[in-house]
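Examination of the molecular architecture
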Amino acid sequence: MTDETARPIDEGAPISTPDHAVDPVAGAVGAPELDDAAVERALRAGLEDFELSPEDQALLDAQGGLSNDGAAQGPLPVVAVVGRPNVGKSSLVNRILRRREAVVEDVPGVTRDRVSYEAEWGGRRFTIVDTGGWEADATGIHLRVAEQAEIAIDLADVVMFVVDATVGATDDDEAVVKLLRRSGKPVVLVANKVDDQRGEADAAMLWSLGLGQPFPVSAVHGRGSGDALDAVLDVLPDVSAHGAYAQGGPRRVALVGRPNVGKSSLLNRLAGSERVVVDNVAGTTRDPVDELIELGGKTWRFVDTAGIRRRVHQSRGADFYASLRTQTALEKAEVAVVLIDAEEPIAEQDIRVVQQVIDSGRALVIAYNKWDTLDEERRYYLEREIEKELVQVPWAPRANISARTGRHMDRLVPAIETALESWDTRVPTGRLNAFMGEIVAAHPHPLRGGKQPRILFATQASTRPPRFVIFASGFIEAGYRRFIERRLREQFGFEGTPIEVSVRVREKRRR
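Fair warning: this is a prediction, and the values are worked out from it, not measured in the lab. (Residues numbered from 1 in each chain as written. Predicted model: local features only at pLDDT ≥ 70, side-chain atom pairs only at ≥ 80, totals over all residues. Heavy atoms only, no water.)

What to know about the packing of aromatic side chains
- Within this structure, the stated rule accounts for 5 aromatic pairs.
- On the numbers, 5.3 Å between centres and 75° between planes, the contact of Phe-435 with Phe-492 is edge-to-face. Of this pair, Phe-435 sits in helix 15 (residues 429–442) while Phe-492 sits in helix 16 (residues 478–492), placing them 57 residues apart in sequence.
- Each ring, one from Tyr-480 and one from Phe-483, has its centre 5.5 Å from the other, and the planes form 45°; the classification is tilted. Of this pair, Tyr-480 and Phe-483 both sit in helix 16, 3 residues apart, which is roughly one turn of the helix.
- Take Tyr-480: its relative accessible area is 7%, and that puts it in the buried class.
- Using a relative accessible area of 14% as the deciding quantity, one classes Phe-483 as buried.
- A network of ring pairs unites the aromatic residues Phe-435, Phe-468, Phe-492 and Phe-494 as a single cluster.
- The ring of Tyr-380 carries Arg-384 above its face, with NZ or CZ at 4.8 Å from the centroid.
- In this structure, Arg-398 is placed above the aromatic ring of Tyr-368, and the distance from its NZ or CZ to the ring centre is 4.9 Å. (Phe/Tyr/Trp six-rings, centres within 6.5 Å; stacked < 30°, edge-to-face > 60°. Helix = DSSP H or I, 4+ residues; strand = E, 2+ residues; numbered from the N terminus. Buried < 20%, exposed > 50% of the residue type's maximum accessible area, 1.4 Å probe, protein only. Lys NZ or Arg CZ within 6 Å of the ring centre and 35° of its normal.)

Right, dumping it as structure tokens:
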């Protein structure tokens, strides 16, 4: 590195630049006639004196803008999988999907909500809906699970009724048959747990249910599942008659937080119906649950997720897989609403959930639930806790809400829209470099070992979230990077989105 690049810069002095492009950034600050495009051209010319990798050159040559997803699709036909608890409904769904998507465990009652997935068989695409076990005399949370299964039947075009062939038809199975007959929907009877030919005699006994041919299937091993799906396709319409699970364009919002902070209650309030099972028991939700909701004149896809617990690797069984699916739902979302229970002190789990959203690069909104229950003293201490525990995310929009009463729910959509707009923001390269010139002219990087690194060029590599790359002649300290990030937020907003600032150190070419 030459003496020119290592020369100290006095407080308030402009950045030193290559000989053939003398001080273009400082000129942009002091001479309004130099527009942003001229600044960009001058600095790009200065980069020619430095060693650049093919990746650097590709980044510099890349054109701005990102393509959006395609247009929304029409409503796919819907297949609901119903039956009493622990007959293998979720195992059958996983077999149809050809991946382990639905939470499965060898105890009854693991699935609680109706959860939809997109599936394909024989070149036909459809939505398959997994449901909780239906019981005739259910009480408490099991009653609400049964209600969700009944709603799934109402919204389906075809029903796959799963019965445990090793047990035979029970009183609960007979009750489900009556429910299905009242619905008038086409039904495909699946006799599950028929692992070999010896079990086919048990399956034949299910003709007594009066639903036609029982299809012997082993959901675990895949035996016979193709025949059952062929029977489904025979009665499946091309387009859903209800459109309740339509796929496509709406922005995707994940509701995340630790267990029992009110995520499912919030989704039900937004949907205007009992869409998700709600109970005071922590951990009621296990599968991510999608719902299309009309709010503020727009359609949104809200996803209720399982509560994120202390340590995923310490969870067991259904809770472990639920935690993994929550992470997957977060990755598929565009913005996350982190719910925090305002009644309780902000916990380490809450901070970890916020950090998980930031690490996944999603836009962020923090909603303080149960706000209607707080007295003045609790509100005072909550504000102090926010200042102390969430000091790293002052840029996140905040909404004080009550999922139970619906108070201040109108504040949620503007906060989400603000975060998404920031998440999509792209700063023109010329404007960005002119702004960087102002920063380093007023607050140059501190000297280290008698040398001072120069910022050569800056560009925004991508959006969603915004990522900035700075080319420099020397190492830029972490404190100065945070200073740059803070100034970027002050200048361009970025409210509600994490931003990334990376530095590429490049040396001058040898003559």
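A few points about the nonpolar core
- In this structure, Leu-266, Phe-302, Val-337, Leu-412 and Ile-416 are the most contacted members of the largest nonpolar core, which totals 27 residues.
- Broken down by secondary-structure element, the contributors of at least two residues to this core are strand 7 (251–256), helix 10 (263–271), strand 8 (289–295), strand 9 (298–304), strand 10 (335–341), strand 11 (363–369) and helix 14 (412–423).
- Counting residues per element, this core draws most heavily on helix 14, which supplies 7 residues.
- Of all hydrophobic cores here, the second largest spans 26 residues; its members include Ile-96, Val-115, Val-217 and Leu-233. (Core = buried A, V, L, I, M, F, W, Y, C linked by side-chain atoms within 4.5 Å.)

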